[in-house]
Amino acid sequence: MAGLLEGKVAIITGAGNGLGEAYAKLFAKEGAAVVVNDLGGARDGSGADKSAAQKVVDAIQAAGGRAVANGDDVSTLAGGENILKTALDAFGRCDILVCNAGILRDKTFANTSEADWDAVIKVHLRGTYNCALPVWKYMKDHGGGSMVLTSSTSGLYGNFGQTNYGAAKAGIYGMVRVMAIEGRKYNIRVMGLAPGAYTRMTSDLPGRKDREPDPLSLPENVAPGVLFMASDLAADHSGKILGVSSRGVREIKMMETEGFEPGRPYTAEEVAKNADKVFFPTPESRRVESVRMVQPKAPA
Ligand code: NAI
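Rules used throughout
Residues numbered from 1 in each chain as written. Predicted model: local features only at pLDDT ≥ 70, side-chain atom pairs only at ≥ 80, totals over all residues. Heavy atoms only, no water. Near = heavy atom within 4 Å. Polar contact = N/O pair within 3.5 Å; in protein donor to acceptor, adjacent residues only side chain to side chain. Areas by Shrake-Rupley, 256 points an atom, 1.4 Å probe, with all protein chains shown as cover. Helix = DSSP H or I, 4+ residues; strand = E, 2+ residues; numbered from the N terminus. Nonpolar A, V, L, I, M, F, W, Y, C, P; charged D, E, K, R; others polar. Buried < 20%, exposed > 50% of the residue type's maximum accessible area, 1.4 Å probe, protein only. Contact = heavy atoms within 4.5 Å. Pairing = 2+ DSSP bridges. Axes fitted to C-alpha atoms, helices over the stretch in contact; angles between N-to-C directions. Phe/Tyr/Trp six-rings, centres within 6.5 Å; stacked < 30°, edge-to-face > 60°. Domains from an automatic or database assignment. pLDDT = per-residue confidence, 0-100. Salt bridge = Lys/Arg side-chain N within 4 Å of Asp/Glu carboxyl O.

Student: Now, about the site of the ligand: what can you tell me, with residues and values included?
Tutor: Neighbouring residues of the ligand: 30 residues in total, closest Asp-38, Asp-73, Asn-100, Tyr-165 and Thr-199. Side-chain polar atom of Arg-200 to an oxygen atom of the ligand: 2.8 Å apart, as the coordinates give it. When the ligand sits alone it has 830 Å² of accessible area, and the protein chains cover 97% of it. If you list the elements that add at least two residues to the shell around the ligand, you get helix H1 (18–29), helix H4 (114–141) and helix H6 (163–183). For the shell around the ligand, the residue count by class is 10 nonpolar, 15 polar and 5 charged.

Printed below as a string of structure tokens:
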């Protein structure tokens, strides 16, 4: 049976480890030729090591797949341009981009230095722009394609100690929403991803430390959801954000309440009096997990 990505060329950034590595291996198994990009630095973004991307390429090739390594830094536009060039030089086209590369510099807001703020914004938000822009221009002129941009519940819901990361990830959510609208006429599908998996990024979070990972929490269990998003199976779902984790796959959506709509000038006291219309109901039990807070579902 033909694979879901037969004949396609996919770029995956940050694919030398963790989630990106799992996507690269599954995409190659499904017939895609893959550009495995990775700078190969530490979790906080320091250092670089070209062997990170190469070892994933070696594994894909050993399994009979097609892949090429790229060690560019996504935090520069020149890096993004060269990643696309690697795809075009090696495989002659580009159909899929997964922006996945990321770093962490967690601190409470009061302790977030300018350097920690800038580094995280530069790799995640600016990095998504740097990689998506050249590919967007290419896809626009070559019949379209699909993009998966990696957000996070840390940005969509909030998470303690991650203002820099949450700001970048919420910014990526905004990119998905706007690019999906602009991409319609060029046949470019853009989807957002909020993954959850046991990787070097999350392995020492409270609640996960000193605990064997649940097999469902492995990156290999996020990869099929991302394959769905990158493939033609997701044809009508541009602009949507999927949460993909050990819990499975679900859509995450921005919602409004019924609201207080007086249709006349009003006072602040009236807003307070109509709090039941302005705000979502306070949940009886708020689900609080060690790594994220999930907001209550709004009434249908
Ligand atoms: P990871 O640390 O295992 O992988 C990230 C990869 O990105 C690393 O191989 C790293 O070398 C690469 N990278 C970092 N900076 C780069 C740069 N400037 N240029 C090129 N490559 C660079 O982390 P993981 O967990 O696989 O994360 C992948 C993505 O998923 C990230 O965007 C992360 O923020 C996001 N995410 C992960 C979650 C999880 O539960 N693991 C939760 C929410 C979001």
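Student: Please provide a residue-by-residue account of helix H7 (residues 223–230), values included.
Tutor: For H7, the tally of buried residues reaches 6 of 8 residues, placing the bulk of the element in the interior. Listed in full, the buried residues belonging to H7 are Ala-223, Gly-225, Val-226, Leu-227, Met-229 and Ala-230. Structurally, H7 contributes buried residues whose contacts are with H1, strand E4 (96–99), strand E5 (145–150), strand E6 (188–195), strand E7 (241–245) and strand E8 (248–252).

Student: Can you break down the sheet that holds E7 residue by residue, with the values?
Tutor: With respect to topology, 8 strands assemble into an open sheet ordered E3-E2-E1-E4-E5-E6-E7-E8, the strand pairing being mixed. Every other strand in the sheet has two partners, leaving strand E3 (66–70) and E8 as the edge strands with one partner each. Here the average twist between neighbouring strands, direction ignored, is 20 degrees. Note: E4 against E5, 4 bridges, orientation parallel. Paired with Leu-97 across the two strands is Met-147, which belongs to E5. Contacts from H6 reach E5, E6 and E7 within the one sheet, and its direction differs from that of E5 by about 165 degrees.

Student: Could you give an account of the packing of aromatic side chains, naming the residues involved and the relevant values?
Tutor: This structure, assessed with the given rule, holds 1 aromatic pair. Summarising the aromatic geometry, the rings of Phe-260 and Tyr-266 are spaced 5.7 Å apart at their centres and angled 85 degrees between planes, so their arrangement reads as edge-to-face. Of the residues examined, Phe-260 reaches a relative accessible area of 18% and is grouped as buried.

Student: Please provide a residue-by-residue account of the domain arrangement of the chain, values included.
Tutor: The domains assigned to the chain are domain 1 (9–252) and domain 2 (257–300). Each of domain 1 and domain 2 was reduced to a C-alpha centroid, and the two centroids are 33 Å apart.

Student: Any details on the confidence of the model for the chain? Residues and values, ideally.
Tutor: When pLDDT is averaged across the chain, the result is 93; 92% of the residues are at 70 or more. Residue range residues 285–300 is modelled with pLDDT below 50. Its contacts to residues more than four positions away, or to other chains, number 24 contacts.

Student: Hey, could you go over the pattern of salt bridges for me, with residue numbers and the actual values?
Tutor: Here the structure, examined in full by the defined rule, presents 8 salt bridges. We note a salt bridge from Lys-8 to Asp-232, for which the minimum N-O separation is 3.0 Å. You can see Lys-8 sitting in the segment before strand E1 (9–12) and its partner Asp-232 sitting in the loop between H7 and E7, a full 224 residues away along the chain. For Lys-8, a relative accessible area of 19% corresponds to the buried category. A salt bridge links Lys-107 to Asp-116; its shortest N-O distance comes to 3.0 Å. The class for Lys-107 is partly exposed, based on a relative accessible area of 37%. On the basis of relative accessibility, which here comes to 9%, the residue Asp-116 falls in the buried class. Salt bridges sharing partners connect three or more residues here, namely Glu-21, Lys-25 and Lys-55.

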